[in-house]
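Secondary and tertiary structure notes
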Amino acid sequence: MKMREPFSRLFGMAEKEEHEEVRQLEVRLIRPSPYQPRSIFDDDRLNELCKTIRTHGVIQPVVVRRIQDQYELIAGERRLRAVKKLGMERIPAIVREMSDMDAASVSLIENLQREGLTALEEAEAYHQLIEIHGLTQEGLAKRLGKGQSTVANKLRLLHLPKEVQDAVLDRSITERHARALLGLKEKELQLKLLNEILQKGLNVKQTEERVQRLTQMGNTPKPKRKSFSRDVRIAVNTIRQSVDMVKETGLPVTADEKDLDDFYEVVIRIPK
């Protein structure tokens, strides 16, 4: 709890009162928070929480705000889900008066301080906080006590295609895989490499090498094709295959091909 109060002050929100009344609210009257960044809840951890609640009850009340004749959840999504799963009719809750901005901020910050968020859920939370408070990336980083590059790298994930974002959400690929894919500018190439990662189980280093190779191919102008003799085609293809084999060892080797009038030139560069 000591960690959360400074965050409240940094985002311009009032701190909680010392002795807040805990009320038993009907579960059916509580609706989920629209600002919840977490989109995937681990079933095993939820089941463990259900066992704890079945044995000891709900130890920590959820936090809600009143919306007309109902309540909107601010903090305690997993507890609410567990209580619903157990079929309980009531849940201990603290009712606070909060504006839309404060409710959104508390919900987002409460989740950011917990473990288990995917990189994309964290990125979405950062984006919403920036929008709500009119912050720059640098301003948000200072308030959260994080480096600006950390915030910037997370936010860049939101520029990836939905298919890649979904793969991060369901943990099919890691954040570092996704960040490597950002090195490709074309959506088609990003999706092509995503499929390769999933099918071949490429690690991060292998993914980064594939990105580098695809980038180099895209930046190298393709030579005009002329009719070559069979021997020349075999020679050129053999060189290309050899270069690919060297690249697979991890060396960032490059090969530039030029189709000149009297000969076909291949310049291979291997860093020392």
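For the structure itself, look to the data block above.
Overview of the structure. (Residues numbered from 1 in each chain as written. Predicted model: local features only at pLDDT ≥ 70, side-chain atom pairs only at ≥ 80, totals over all residues. Heavy atoms only, no water.)

1. Description of the packing of helix H6 (residues 137–144) against helix H7 (residues 148–156)
Between H6 and H7, the shortest axis-to-axis distance is 8 Å and the interhelical angle comes to 120°. Relative to H7, the element H6 is oriented oblique. Where H6 crosses over H7, the two elements pack in a sense that is right-handed. Mapping the contact onto sequence places Gln137, Glu138, Leu140 and Ala141 in H6 and Gln148, Val151, Ala152 and Leu155 in H7. Its residues assigned to classes, the contact of H6 with H7 shows five nonpolar, two polar and one charged. (Axes fitted to C-alpha atoms, helices over the stretch in contact; angles between N-to-C directions. Helix = DSSP H or I, 4+ residues; strand = E, 2+ residues; numbered from the N terminus. Parallel < 35°, antiparallel > 145°, perpendicular 65-115°, else oblique. Left-handed = near helix turned anticlockwise from the far one by under 90°. Contact = heavy atoms within 4.5 Å. Nonpolar A, V, L, I, M, F, W, Y, C, P; charged D, E, K, R; others polar.)

2. Details of the nonpolar core
Judged by nonpolar contacts, the single largest core of 20 residues is most densely connected at Leu157, Leu160, Ile173, Leu181 and Leu193. Of all the secondary structure elements, the ones that give two or more residues to this core are helix H5 (119–133), helix H8 (162–169), helix H9 (175–181), helix H10 (187–200) and helix H11 (204–219). Here this core takes four residues from H8, the largest share from any one element. Apart from residues lying up to four places away in sequence, leucine 181 is in contact with Leu160, Val164, Ile173, Gln190, Leu193, Leu194 and Ile197. Of all hydrophobic cores here, the second largest spans 18 residues; its members include Leu25, Leu49, Leu73 and Ala93. (Core = buried A, V, L, I, M, F, W, Y, C linked by side-chain atoms within 4.5 Å. Buried < 20%, exposed > 50% of the residue type's maximum accessible area, 1.4 Å probe, protein only.)

3. A look at the pairing of strand S5 (residues 90–95)
Direction of pairing for strand S1 (residues 22–26) relative to S5: antiparallel, over a ladder of five bridges. Its bridge partner being in S5, leucine 25 is matched across the sheet by isoleucine 91. Note: strand S3 (residues 62–67) against S5, three bridges, orientation parallel. Looking at S5, one finds that valine 63 is bridged to isoleucine 94. (Pairing = 2+ DSSP bridges.)

4. So, empty space enclosed by the protein
Summed over all chains, the structure comprises one cavity of 30 Å³ or more. Taken as a whole, the largest cavity spans an internal volume of roughly 70 Å³. As for the largest cavity, its lining consists of Glu209, Gln212, Arg213, Gln216, Lys247, Gly250, Leu251, Pro252 and Val253. No other element matches H11, which puts four residues into the lining of the largest cavity. (1 Å grid on protein atoms, 1.4 Å probe; cavity = no way out; pocket = protein on both sides within 12 Å on 5 of 7 lines; lining within 4 Å. Points joined across faces, edges and corners; volume = space filled by probe spheres on them.)

So yeah, pure geometry; function would need other evidence.
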